[in-house]
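# Structure at a glance
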Amino acid sequence: MTAKEIKTVIDGNTFSSNILFHEGHFVAFGHDPNDDFVVVGQTTSIKKSSIYANGKDSKSDESQCEELFKAVVNLYDDSTICHFYLNSYQIKFIQKTIAFYDATHIVLYCDDEGIFVNFYDVRKCVPQGRMSRSHETRLLVHKLSSLQRDHFKVTLNAWSFKMVPPLDLDVAIGVNKICTLTHDDSGYMYLLRDQELVQPVIEFFSDRLKTKISLSFVPTSNVPVQDTSPQMIPDFE
């Protein structure tokens, strides 16, 4: 039974090359391009502490497993800046928008007007001062909730966010900038690390104005804002 459950956990977390089993839990650590992503779940029959690397027991001793498990607990047990709730359809909306716009990153943030998410493709950011007229940079601002919470901002790897199952999830933003999404029924937790990227700023020279203009897309800009806060009906499934 134990071997079967270990195999089930490994097969169910193909994004991970290293999985820790300890004290009735498993911790799956993502590898590139999801090395910022960690899943913490529960086990029923696995009693022995171990670390599996690429599907094989690495023969790590108990103290190594305990030390690693404590380090993971510290990631999600840190002081919380903000706490809010995402419905399953909001998770789906974010993931489908990532796919539609081929976004590389999302920015979760809270200001005086509510909780928002931005989507952008960092590959399309222009490092030089001049960009061609054919170049197009899109940034979508999406309102998740009108609730007032403490201000925060975290930039997350879009590819890793797509690994999160579309469930009703509690979201906690830690002082350590770890975003923890928890499914209450199963007890599973999904941890994403802040990428610490600066939101894209596009600079270019206007031939008509003969001056340098800097465009910084900020939450207070006139970019259309969609809303999937709980009182709104999602516009696609």
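Above this text you will find the structure in question.
Just so you know, these numbers come straight off a predicted model, no measurement behind them.

Conventions used here
- Residues numbered from 1 in each chain as written.
- Predicted model: local features only at pLDDT ≥ 70, side-chain atom pairs only at ≥ 80, totals over all residues.
- Heavy atoms only, no water.
- Helix = DSSP H or I, 4+ residues; strand = E, 2+ residues; numbered from the N terminus.
- Buried < 20%, exposed > 50% of the residue type's maximum accessible area, 1.4 Å probe, protein only.
- Pairing = 2+ DSSP bridges.
- Contact = heavy atoms within 4.5 Å.
- Axes fitted to C-alpha atoms, helices over the stretch in contact; angles between N-to-C directions.
- Expected span 1.5 Å × (residues − 1).
- Arc of directions from axis to C-beta.
- Salt bridge = Lys/Arg side-chain N within 4 Å of Asp/Glu carboxyl O.

Tracing the backbone through its elements, the reader meets Tyr 188 in the loop between strand 12 (178–182) and strand 13 (189–193). A relative accessible area of 26% means that Tyr 188 is categorised as partly exposed.

On the basis of which strands lie adjacent, the open sheet formed by nine strands has the order 5-4-1-2-3-13-12-11-6 and antiparallel pairing. The strands lining the two open edges of the sheet, one partner per strand, are strand 5 (56–57) and strand 6 (80–86). Pairing of strand 11 (residues 169–174) with strand 12 involves four bridges; the strand directions are antiparallel. Looking across to strand 12, one finds that Asp 170 is bridged to Thr 182. Helix 1 (residues 2–11) rests against strand 1 (16–22), strand 2 (25–30) and strand 4 (50–53) of the sheet, and its axis sits at about 140° to strand 1. The strands touched by helix 3 (residues 88–101) within the sheet are strand 6, strand 11 and strand 12, with strand 6 carrying the most contacts at an inclination of about 100°.

A separate point is helix 2 (residues 62–76). Taking 1.5 Å as the rise per residue, helix 2 with 15 residues should run 21 Å; its terminal C-alpha atoms sit 22 Å apart, in good agreement. Within the span of helix 2, buried status applies to Cys 65, Phe 69 and Val 72. What you see down the axis of helix 2 is that its buried residues fit within an arc of 60°, all on one side. Residues of helix 2 that are exposed and point more than 90 degrees away from the buried face comprise Glu 67 and Asn 74. In this structure, the buried side of helix 2 is in contact with strand 1, strand 2, strand 3 (37–42) and strand 4.

The next point concerns the side chain of Thr 155. Looking at the element boundaries, Thr 155 is found in strand 10 (residues 152–157). Aside from chain neighbours lying at most four places away, what touches Thr 155 is His 105, Ile 106, Val 107, Tyr 120, Arg 193, Asp 194, Gln 195 and Leu 197.

What follows deals with the pattern of salt bridges. Oppositely charged side chains are able to pair whenever their charged atoms sit close together. The tally for this structure, following the rule as stated, stands at three salt bridges. Its salt-bridge partner being Lys 7, residue Asp 11 comes within 2.7 Å of it at the nearest N-O pair. Within this pair, Asp 11 and its partner Lys 7 are both found in helix 1, separated by four residues, close to a single helical turn. Lys 70 serves as the salt-bridge partner of Glu 66, at 3.5 Å between the closest nitrogen and oxygen. On the criterion of helical spacing, the pair formed by Glu 66 and Lys 70 is a turn pair, its members being four residues apart in helix 2. A relative accessible area of 33% means that Glu 66 is categorised as partly exposed. The exposure class of Lys 70 is partly exposed, given its relative accessible area of 49%.

Attention now goes to the environment of Ala 103. Structurally, the position occupied by Ala 103 is in the loop between helix 3 and strand 7 (105–111). Through-space distance from the C-alpha of Ala 103 to that of Trp 159 is 8.5 Å; in sequence the pair is 56 residues apart. Not counting residues within four places of it along the chain, the set of residues in contact with Ala 103 comprises Ile 98, Phe 119, Tyr 120, Asp 121 and Ala 158.

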